[in-house]
Amino acid sequence: MDQPLQQRQPLRPWLAASTTLALGIGLTVLVHRGGSAPRPVASPALNPDTPPSSVTALGRLEPVGAVITVAPPAASPGGAPTRLRQLLVEEGDRVESGSVIAVLDSLPRLEAAVQESEAQLRLAEARLAVAAADQRREELVQQARVERLEAEFRTARLEENRHQSLFVNGAVSASLRDAKRLDRETVGAQLAEARALLLRSQAPAGVPEAGGLDVAAARRQRDQAGATLVRVLAEREDSLVRAPISGRILSVLSRPGEALDSEGVVQMGRTDAMQVVAEVYQSDVPRVRLGAPVTITSTALGQSLEGRVSRIGALVKRQTLINTDPSANNDSRVVEVRALLTPASSRRAAALTNLQVTARIRTASATVSSSPTPCCSIAWPAAPTPRPSPGWSRARA
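All of the points below concern the structure found in this document. (Residues numbered from 1 in each chain as written. Predicted model: local features only at pLDDT ≥ 70, side-chain atom pairs only at ≥ 80, totals over all residues. Heavy atoms only, no water.)

**Some details on the packing of helix 3 (residues 107-169) against helix 5 (residues 213-238)**
Two elements in contact, helix 3 and helix 5, have axes separated by 8 Å at closest approach and are oriented at 165°. Here helix 3 is positioned roughly antiparallel relative to helix 5, judged by the angle of their axes. The interaxial crossing formed by helix 3 with helix 5 has left-handed handedness. Classifying every residue of the contact of helix 3 with helix 5 gives 15 nonpolar, 6 polar and 9 charged. (Axes fitted to C-alpha atoms, helices over the stretch in contact; angles between N-to-C directions. Helix = DSSP H or I, 4+ residues; strand = E, 2+ residues; numbered from the N terminus. Parallel < 35°, antiparallel > 145°, perpendicular 65-115°, else oblique. Left-handed = near helix turned anticlockwise from the far one by under 90°. Nonpolar A, V, L, I, M, F, W, Y, C, P; charged D, E, K, R; others polar.)

Here you go:
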């Protein structure tokens, strides 16, 4: 029994040497074929020095230029409350700038006032025409009087000169000569007066007494009637509610028969160009840049909308959009960032004004290199050189 055990003992060193040799050969082949051992790659998301690639914020969709509330004047000229008489549009209608969208109850009264003012203006113009005709007739009479007095003045001057010659020759008395001189002076005074009256009647239109006092008074009455008509026309225009811009009716705030207040009649906006107003946390605003791409998502949208940042607000305000997450901070300080949607996205969002959405704004660090950055290298140990054991040598011998 002892002899077989002694013959098996030399096999154990031989097996150990064979195993060591096989491991060394395998490691050598692996190093030569792979070139280098694989290195672990550091994930950018796990690197605390790498900033996030985007800024996410709650936002709302609205037309470019915001939503406009169209309202009439606060009250009628008499102080009575303004009521809506007729509404000419409904929600979703598209209107052009300047078109009438509603009529107030003061329109019939103001229409009658316009007709009355027009009649007063026509009456004043007729009186002015009569006064001008009378003045023209008087002017012709005055012109004829001036011509008659000029002829009389020439005759009186000739008579004065003839009697002066007769007086020098002793043919007439001094009293007769003086009488002829007085006649010439009287006719001259009458001629000067007639010429002054004629000159005043022919004064330019800018002079207050142009055409005479009657014509001036009639002209002032005509101007007053015209000013009254302009005022009444402006009041009638206020009774017609017109669209200030071209756009779509988003909401109807008042119906016929209701008294109008500060809420207005309708709300409208330019839905052909939509934008998203995102409430970005004040700490994330420095990472937002103009022109940055924006992706808008919501459960009400079939697919995401696209746009670019067009304006960054300059006022920090309280958050108005509330997150449904109960653990979220709903009293944050935010800055409004506006992003203009692409034409295709604007068409899809035209009927979703004030929809709450989530805006993801890509920042400058969003472009990350596709090649991994090694964080460390592993130095694999050199393959050991197998050495034959004494037992293996003895067993081989």
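**Considering the packing of aromatic side chains**
Scanning the entire structure with this criterion turns up 0 aromatic pairs. Just above the ring of phenylalanine 167 sits the side chain of arginine 177; from NZ or CZ to the centre is 4.2 Å. (Phe/Tyr/Trp six-rings, centres within 6.5 Å; stacked < 30°, edge-to-face > 60°. Lys NZ or Arg CZ within 6 Å of the ring centre and 35° of its normal.)

**What to know about helix 5**
Relative to the 38 Å expected for 26 residues at 1.5 Å per residue, helix 5 spans 38 Å between its end C-alpha atoms, a close match to the ideal helical length. Within the span of helix 5, buried status applies to Val215, Ala216, Ala218, Ala225, Gly226, Leu229 and Val232. For helix 5, the secondary structure elements touched by its buried residues are helix 3. (Expected span 1.5 Å × (residues − 1). Buried < 20%, exposed > 50% of the residue type's maximum accessible area, 1.4 Å probe, protein only. Contact = heavy atoms within 4.5 Å.)

**Observations concerning the pairing of strand 10 (residues 333-341)**
Counted residue by residue, strand 10 has 7 buried out of 9 residues, so it is predominantly covered. Pairing analysis gives 8 bridges linking strand 9 (residues 305-318) to strand 10, with the strands arranged antiparallel. Looking across to strand 10, one finds that valine 316 is bridged to valine 335. (Pairing = 2+ DSSP bridges.)

**Description of the nonpolar core**
Core analysis: the biggest nonpolar cluster contains 24 residues, and Leu61, Val280, Ile296 and Ile361 have the highest contact counts within it. Listing elements by their share of this core, those giving two or more residues are strand 1 (54-70), strand 7 (266-281), strand 8 (293-297), strand 9, strand 10 and strand 11 (356-362). Beyond its immediate stretch of four places on either side in the chain, leucine 61 contacts Met274, Gln275, Val276, Ile296, Leu305, Leu341, Ala349, Leu352, Thr353, Asn354, Leu355 and Val357. Val89, Ala243, Ile249 and Leu260 belong to the second largest nonpolar core, which has 17 residues in total. (Core = buried A, V, L, I, M, F, W, Y, C linked by side-chain atoms within 4.5 Å.)

**Overview of the pattern of salt bridges**
Taken as a whole and judged by the stated rule, the model has 19 salt bridges. Between arginine 184 and glutamate 160 there is a salt bridge, and its shortest N-O distance comes to 2.6 Å. Of this pair, arginine 184 sits in helix 4 (residues 174-201) while glutamate 160 sits in helix 3, and the two are 24 residues apart along the sequence. Residue arginine 184 is classed as partly exposed on the basis of its relative accessible area, which comes to 22%. Given a relative accessible area of 10%, glutamate 160 falls into the buried group. Where glutamate 336 meets lysine 317, a salt bridge forms, and the shortest distance between an N and an O atom there is 3.7 Å. Of this pair, glutamate 336 sits in strand 10 while lysine 317 sits in strand 9; the two residues are 19 residues apart in sequence, bridging distant segments of the chain. (Salt bridge = Lys/Arg side-chain N within 4 Å of Asp/Glu carboxyl O.)

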